[in-house]
Each structure stands twice: as structure tokens, then as C-alpha cells.
Amino acid sequence: MSGSKKQRFSRPHNSWNTNYILIIFGAILIYLIASIILYVLKDPVTAYEVRTGTLSKSYSFSALALREETVVTAGESGKVSYFQPDDSKVRKGSIICVTDLDGSHSDVLDSSGTEEIDMLTTEDYLGLIDSISSFQEGFSADAFDSVYGFKQQLNSMIMDLQNTDGGDSLNTIVTENQEYFNIEAAPVDGIVAYHTDGYEKVTPDNLTIGDIEREKYDNRDLRKNTDKEAGDEVFKVITSENWELAFILDDDTFDYLKSNEITEIQVQFHKDDIKLWGSLELREIDKKQVAVISFSEGMVRYINDRFLNVSLILQNETGLKIPQTAVVEKEFYLVPYEYLLNPPESSSNGIIILDPNKTGGSTYQSVEVYQYDSNNGVVYLDPLEVPADAVLVKPESTDKFKISETGSLKGVYNINKGYAVFKQIHVLAENSEYCIVDEGMAYGIANYDYIALNGRSINENDKIN
């Protein structure tokens, strides 16, 4: 038609679709922003590098030292002069000391023994300084009474220096004037000592709890007072390298030693950190549990110590050392090993899962066996690999088993690949801070692996920030 106007039609704008798209993109954007914020704010996982190490489990005690000791008393009254240095080896018959019978010759002995040593030499001073420095390094305020023992030791060292330098002239005077002296000689071969404490006759067979608890302990320096009466103690001789330690045990340590039937044990001495092996015997004395450890070496190192602080080393394991904070527990499904297609020790295992959607149908599922419990006849399967409440079919049988029971295994989270992977551990020894785990076990960790220091702060498969 001429003159008619053409009508223009516009397609209506689909505002609903546009809004829908904007909503989707907005949600995605919000999710991304939230994820980024949470990732940034999340505490970073601290990595710990696994290294080979050693862990010892020990218990500390104060122990009584018992030795074979022979005490010698003065045969006559008078002033005693000593010839041999303290803690020196002597032969049977060696002159240890002499008593001036009429009191007129002791001054001669004293002047002969010291006329050439009015002052200590530089070497003597250096030796004393070394001893003082060593004592300071090992001193503990918890054992303050050791100061008195060290004072006695220093006095003995000074007297030994004097006697050593003047010994030859003293021997000459005594030999030339034997009628004026009473000679005290070593009754047996051994090591001479110039202190007594009343424990010289104590043995493992007549030991009492009071002995261990120091009820009668009184250490006396026999050279402090040289005026002796007949019958007074003048020296003693330790006659054997064999010696014992005795101490009271707490119930837990006693039960551990007894239940594990331990007869040989390693002992660490706090005084110098020396470790010695000894034979262990458990006894009951006055209704208390007592350990007696026998040694055949090391006696000379502690000849001046009646009481020693020691530790029993009950475990000394070497393996991969990891902190206790890294250890976690993971739940696994427990499945009878008969439901595996291959033996549990095989590198390739699988199970047959009954398909709930198909009557009589089933599917094969490859699985990893984390542990085989031969005592209970079950294997540990990862829940990430096996559906919950799955029903298994026994190979070559119509028997079925529904998965429900679980058991836990200890492990750590390996983070070598940037995400948390559970790795099983077998603990060989542990204390409150660290544990030693077996190296080279299946599904375990290896030397130089990185694990999460705080295993409880993350979950399996978490990405590591």
C-alpha cells in the first residue's frame, strides 16, 4: 500500500538471562576472592626435614658405689708421715706411711720432705688450675655437697705433690733409722687411698636401705690429722677393679626392667658422661626394690666418689628422627585378608566390590595394603580408595563382607609434592619431644623427606601454603 508506514519491531531484551549470567560471574568472583583471602590468611605449614638420628630413653638415680676395700690401722701411737700419693697403685709390702715412735724424728721427716719444695712449680699450679676448671664445668647446684669432696681432693693433690718430690729422701731417713719408726706397709696389691667413710665393709650381700640413703655417711680425710693413736685408721687399699652400684628403683622402672628380663644394662655417669655396660641384678631390701649393677672396669675413675649420679639407658635406637608434633593418626578400614585377590605382601592387590545397582554384579577395585595384621588376620585399606559401607565378595566364593570396622595407624604428612600425603610410621623409641621411626618401610618416609611439623594443623591432600 502506497503511503503506508512500515512498522519496526524490536526484539525484546532478555533481561533475565543477562541477570543470570551476572549472578554466576559474581558468585565465581566472590568465591575466588574468598579463596585468595583464606589462602593468604591461612597459617603457613612449617616444614621439617627428616634426618637420621639417635634417641635414648633413660632414668636418673643417685647410686651408692661399693668396692673391695681393706682398711689399715696404726700399729703404734705417734705422728704419721705419708709416703705414697693418694690414689696411686702400690705393691704388697710397699711403705705407705710411718709412725714416729718417740716424737723426735717427725720434724726431720717433714723438713726432708719439703726442703726442696717451699713453693709449687708452674707445672703444679697448671695441674691444679685444670682440675678446678674441670670441676667448674661439671658443677651443678643440685649436688652442692660435691664442693666439699672437691676441697678434699685439692688438699690431697697438694700433699701428693709434696710427697712425690720428697719421697726419695724420706725413704732414706726411714731406712737408716728404722728403730725409731713403725712402718705401715700395703697388705695387698691395689690402690691406696687416704679417706674413709664407714662404707668399706658394705657389700651387696649386707647392703641396707639406710646405706643407700646416706644415713651413716661421714667422709673423713685421714691425712688431715697426722697424730694417731694405735688402732686409728691410717689408709685403705682398694684391691679389685670389680665394683658395684646400688640404688633404689621406682615402681615403673623396676617393672620395666623385670618384665623385659634385662640382665645387661648401659649406665651413663653424669660426672664425666662416660657410659659403661654392667650386669644387672634386681633385689628387694627392706620392702624396697633395689638395683645392683656390677662392673669390671671404670672403678679408678670414681675411686673418690661414694655416691654417683647416674642414668640407666634403657633404649638407644637409631633411625629417622621426627618431632612428636608431626605425628598423626589416620583411620583405615579393616578387611579380612581372605577378601584380597592377591596375598597381603604382594605389590599388586585388589578387592571385588558388589555393585548395589546390579543384581549379582561386581567390580574390581585396585587397593594398597598399608599394614597386614597377622594376629587378627586383617589388612588396613585406605578409606580414600574404598567406598563407605561397601560389600566385598570373597574370591572364588559366595561369601560377602560389609566394610564397617576401622583401625588407626600412626603416620606423618609428607609435603614433598606441595600437598599433604599420609605416610605410615613405625615407632622404635620415643620421648616427650621426638620419636625414632623405622626407615625403609612400605608407604613410609625416607631420609631428607619434608613433613608437616604440626601434623594436626592440616588434612590429607591439603595444598601447602
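See above for the structure.
Residues numbered from 1 in each chain as written. Predicted model: local features only at pLDDT ≥ 70, side-chain atom pairs only at ≥ 80, totals over all residues. Heavy atoms only, no water.

Notes on the overall build of the chain
- Each helix and strand in the chain was counted, giving six helices and 27 strands.
- Burial statistics for the chain: of 465 residues in total, 38% are counted as buried.
- Entry remark: accessible area of the chain is about 27200 Å², with carbon and sulfur atoms responsible for 49%. (Helix = DSSP H or I, 4+ residues; strand = E, 2+ residues; numbered from the N terminus. Buried < 20%, exposed > 50% of the residue type's maximum accessible area, 1.4 Å probe, protein only. Areas by Shrake-Rupley, 256 points an atom, 1.4 Å probe, with all protein chains shown as cover.)

Looking at the packing of aromatic side chains
- Considering all chains together, one arrives at 17 aromatic pairs under this definition.
- Measuring from centroid to centroid gives 5.9 Å for tyrosine 199 and phenylalanine 307, while their planes differ by 85 degrees, and the two rings are edge-to-face. Here the residue tyrosine 199 occupies a position in the loop between strand E8 (195–196) and helix H5 (209–212), and phenylalanine 307 occupies one in strand E15 (residues 307–323), the gap between them amounting to 108 residues.
- Under the relative-accessibility criterion, tyrosine 199 is labelled buried at 1%.
- Site record: aromatic cluster; members linked through ring pairs are Phe332, Tyr370, Tyr380, Tyr413, Phe422 and Tyr443.
- Stacked on the ring of phenylalanine 307, the Lys or Arg arginine 214 has its end atom at 4.2 Å from the ring centre.
- Lying across the ring of tyrosine 434, lysine 321 places its NZ or CZ 4.8 Å from the centre. (Phe/Tyr/Trp six-rings, centres within 6.5 Å; stacked < 30°, edge-to-face > 60°. Lys NZ or Arg CZ within 6 Å of the ring centre and 35° of its normal.)

Structural notes on the pattern of salt bridges
- Counted by the stated rule, this structure contains 15 salt bridges.
- Here arginine 283 and glutamate 281 are joined by a salt bridge, their closest N and O atoms 3.1 Å apart.
- A residue is classified by how much of its surface remains accessible, and glutamate 281, at 38% relative accessible area, is partly exposed.
- Overlapping salt bridges, with partners in common, bring together Arg67, Glu69, Asp197, Glu200, Lys236 and Arg306 in one network. (Salt bridge = Lys/Arg side-chain N within 4 Å of Asp/Glu carboxyl O.)

Side note on unusual backbone geometry
- For aspartate 87, which is not glycine, the phi dihedral falls at a positive 65 degrees.
- Mapped onto the fold, aspartate 87 is located in the loop between strand E3 (78–82) and strand E4 (89–90).
- Here glutamate 261, not a glycine, exhibits a phi torsion of approximately 50 degrees, which is positive.
- Note on placement: glutamate 261 falls in the loop between helix H6 (251–259) and strand E12 (264–269).
- For glutamate 261, a relative accessible area of 68% gives the class exposed.

Let's talk about the environment of leucine 428
- Looking at where leucine 428 falls in the secondary structure, it is placed in strand E25 (residues 427–430).
- Measuring from C-alpha to C-alpha, the distance between leucine 428 and asparagine 316 comes to 9.5 Å, with 112 residues separating the pair along the chain.
- Setting aside anything within four residues of it in sequence, one finds leucine 428 in contact with Gln315, Glu317, Thr318, Ile436, Val437 and Asp438. (Contact = heavy atoms within 4.5 Å.)

Overview of the sheet that holds strand E18 (residues 362–367)
- Pairing within the open sheet is antiparallel, and its four strands lie in the order E18-E17-E21-E22. Because the sheet does not close on itself, it has two edges, and the strands there are E18 and strand E22 (400–402). The sheet shows a mean angle of 40 degrees between the axes of neighbouring strands, taken without regard to direction.
- Sheet analysis places strand E17 (residues 349–354) next to strand E21 (residues 391–393), joined by two bridges and oriented antiparallel. In the strand pairing of E21, isoleucine 353 is matched with leucine 392. (Pairing = 2+ DSSP bridges. Axes fitted to C-alpha atoms, helices over the stretch in contact; angles between N-to-C directions.)

Examining H6
- For H6, the set of buried residues is Thr253, Phe254 and Leu257. Within H6, the buried residues cover an arc of 100 degrees as seen down the axis, which keeps them to one side. Facing away from the buried side of H6 by over 90 degrees, the exposed positions are Asp251, Asp252 and Ser259.
- Buried residues belonging to H6 abut strand E2 (51–73), E12, strand E13 (275–285), strand E14 (288–295) and E15. (Arc of directions from axis to C-beta.)

Observations regarding the side chain of glutamine 289
- Assignment of secondary structure puts glutamine 289 in strand E14.
- If we skip the residues at most four places from it in the chain, glutamine 289 touches Phe247, Ile248, Leu249, Phe254, Arg283 and Glu284.

Observations regarding the pairing of strand E16 (residues 328–336)
- When you tally the buried positions in E16, you get seven out of nine residues, the bulk of the element.
- Sheet analysis places E16 next to strand E23 (residues 406–414), joined by six bridges and oriented antiparallel. The partner of phenylalanine 332 across the bridge, within E23, is glycine 407.
- Note that E16 and strand E20 (residues 378–381) share four bridges and pair antiparallel. The residue of E20 that forms the bridge with valine 335 is valine 379.

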